[in-house]
Amino acid sequence: MSPEENGFSPATEGREGAAADGNEGAAANVRDEAAAADREQAAIAAVNRARVREAFATLDSRPNLIEAARRLRRRLPGDEQFGDPLSTSGVAPVQVIARGVSALQPARESFVKELGLAGLQLWQSLSESAGRGRGDRDIAILFTDLVGFSSWALKAGDAAALELLRAVGFAVENAIESHEGRIVKRLGDGVMATFLTAQAALEAALDAQEALSAVEVDGYRPRMRAGIHLGRPRKLGGDYLGVDVNIAARVVESAKPEQVVVSDAAMARLDLDGVRKGRRRRLRADGTPSDLRVAPISRS
């Protein structure tokens, strides 16, 4: 049967092809118009977002709002400077969050940042008043260091020095933790730690001395000295600052190798049963009270 007999002819096929081409062209035009509309809407949205950001930045930088937030911070409990690197150096959640807030727009002053820090300042203050805080109760401060370590390390080399520091750290820090002390910071060949009681600080220092008697590297035995003072230092971030910290650092400097020296303030809180108290003497050091007395203590 011929194509004509089936109802098809070259002319018919031509008309149908032209119609199909026309439909595809119309569909392509519709798609192009839709894409152009989408691009236009996206451009408008981008412009609107930019305008909102600009308006927010202008509002956020208004001096009167920033000053209002700072006045609020001065009226709130706690440290009105909370948010600087010194006050947020710890690992508590409020300090970690504060570091993130402080990083907002570091190049310019910000109302939102000040308002966020105001809330964190209040949180920090409430945490401190609940017993995790600063300067409102007595804390025993322990400093330790190794006598003659630097000179030995220069001769022994890095590998031996590192081996010794690891062994010393294990012995000292175990003693501190076993008496519920908290290591505030590591100071090269020593540590600063805090305790709830002077008795715990003394027991930790004496235990550390005993543990170090078993440490030896390349024929060298470390000789640790320790100083303990009781006071009310100011807690700032993960550190403690203030006169009492300075006194504790001077107390350890007054100790001889393998001595634990205790200030009068700490001595008054100690049970001296089972220990031997050495001669009491005045501590002559810059930055310490003229009437400060110290004495070495060892186990009987």
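That block above? That's the structure.
Since the structure is predicted, the reported quantities are computational estimates derived from the model, not experimental observations. (Residues numbered from 1 in each chain as written. Predicted model: local features only at pLDDT ≥ 70, side-chain atom pairs only at ≥ 80, totals over all residues. Heavy atoms only, no water.)

(A) Region of interest: the overall build of the protein. Along the backbone of the protein there are nine helices and ten strands. A separation threshold of at least 6 residues defines the contact pool for the protein, and within that pool the share at least 24 residues apart is 68%. With the model as given, the accessible surface of the protein reaches about 17300 Å², and the carbon-plus-sulfur share is 54%. (Helix = DSSP H or I, 4+ residues; strand = E, 2+ residues; numbered from the N terminus. Contact = heavy atoms within 4.5 Å. Areas by Shrake-Rupley, 256 points an atom, 1.4 Å probe, with all protein chains shown as cover.)

(B) Spatial organisation of the packing of helix 5 (residues 149-156) against helix 6 (residues 158-178). Running from N to C, helix 5 and helix 6 point in directions that differ by 140 degrees, and their axes come no closer than 7 Å. Taken together, the axes of helix 5 and helix 6 lie oblique to each other. Residues F149, W152, A153 and A156 of helix 5 touch helix 6, and the partners they reach there are A160, A161, L164 and L165. Among the residues making up the contact of helix 5 with helix 6, the classes are represented as eight nonpolar, no polar and no charged. (Axes fitted to C-alpha atoms, helices over the stretch in contact; angles between N-to-C directions. Parallel < 35°, antiparallel > 145°, perpendicular 65-115°, else oblique. Nonpolar A, V, L, I, M, F, W, Y, C, P; charged D, E, K, R; others polar.)

(C) Highlighting helix 8 (residues 243-253). Taken together, the buried positions of helix 8 are occupied by D244, V245, I247, A248, A249, V251 and V252. Where helix 8 is buried, its residues contact strand 1 (139-146), strand 3 (191-195), strand 4 (224-231), strand 6 (239-241), strand 7 (260-263) and strand 10 (293-299). (Buried < 20%, exposed > 50% of the residue type's maximum accessible area, 1.4 Å probe, protein only.)

(D) Representation of unusual backbone geometry. Positive phi is not limited to glycine here, since E180 has a value of about 60 degrees. Residue E180 is classed as exposed on the basis of its relative accessible area, which comes to 69%.

(E) A look at the pattern of salt bridges. Tallied over the entire structure, the rule returns twelve salt bridges. In this structure, R232 and D138 form a salt bridge, with 3.1 Å as the shortest nitrogen-oxygen distance. Here R232 is found in the loop between strand 4 and strand 5 (234-236), whereas its partner D138 is found in the loop between helix 4 (111-132) and strand 1, with 94 residues between them in sequence. Overall, the relative accessible area of 24% leaves D138 in the partly exposed class. The partner of R225 in a salt bridge is D145, with the nearest N and O atoms 2.8 Å apart. Of this pair, R225 sits in strand 4 while D145 sits in strand 1, placing them 80 residues apart in sequence. Take R225 and D145: they sit in the same class, and that class is buried. A single network of salt bridges, built from pairs that share partners, joins E203, D207, E210 and R299. (Salt bridge = Lys/Arg side-chain N within 4 Å of Asp/Glu carboxyl O.)

(F) Molecular detail of the side chain of Q209. You can see Q209 is positioned in helix 7 (residues 198-212). We classify Q209 as buried; its relative accessible area is 16%. Leaving out residues up to four positions away in the same chain, Q209 has contacts with M224, R225, E258, Q259 and V260.

(G) How the structure looks around the pairing of strand 1. Burial of strand 1 is extensive: eight of the eight residues sit out of reach of the surface. Burial along strand 1 is two-sided: I139, I141, F143 and D145 and A140, L142, T144 and L146, pointing in opposite directions, are all buried. Sheet topology note: the strand 1/strand 4 ladder contains eight bridges and is antiparallel. Looking across to strand 4, one finds that D145 is bridged to R225. Two strands pair when backbone bridges link them, and strand 1 and strand 3 are joined in this way by five bridges, in the antiparallel orientation. (Pairing = 2+ DSSP bridges.)

(H) Geometry of the nonpolar core. Counting residues in hydrophobic clusters, the biggest one holds 42 residues, and the most contacted among them are W152, F195, I228 and V262. Tallying contributions element by element places helix 7 first for this core, with nine residues. In terms of nonpolar packing, the next biggest core, distinct from the first, is built from ten residues, I141, V184, V245 and A248 among them. (Core = buried A, V, L, I, M, F, W, Y, C linked by side-chain atoms within 4.5 Å.)

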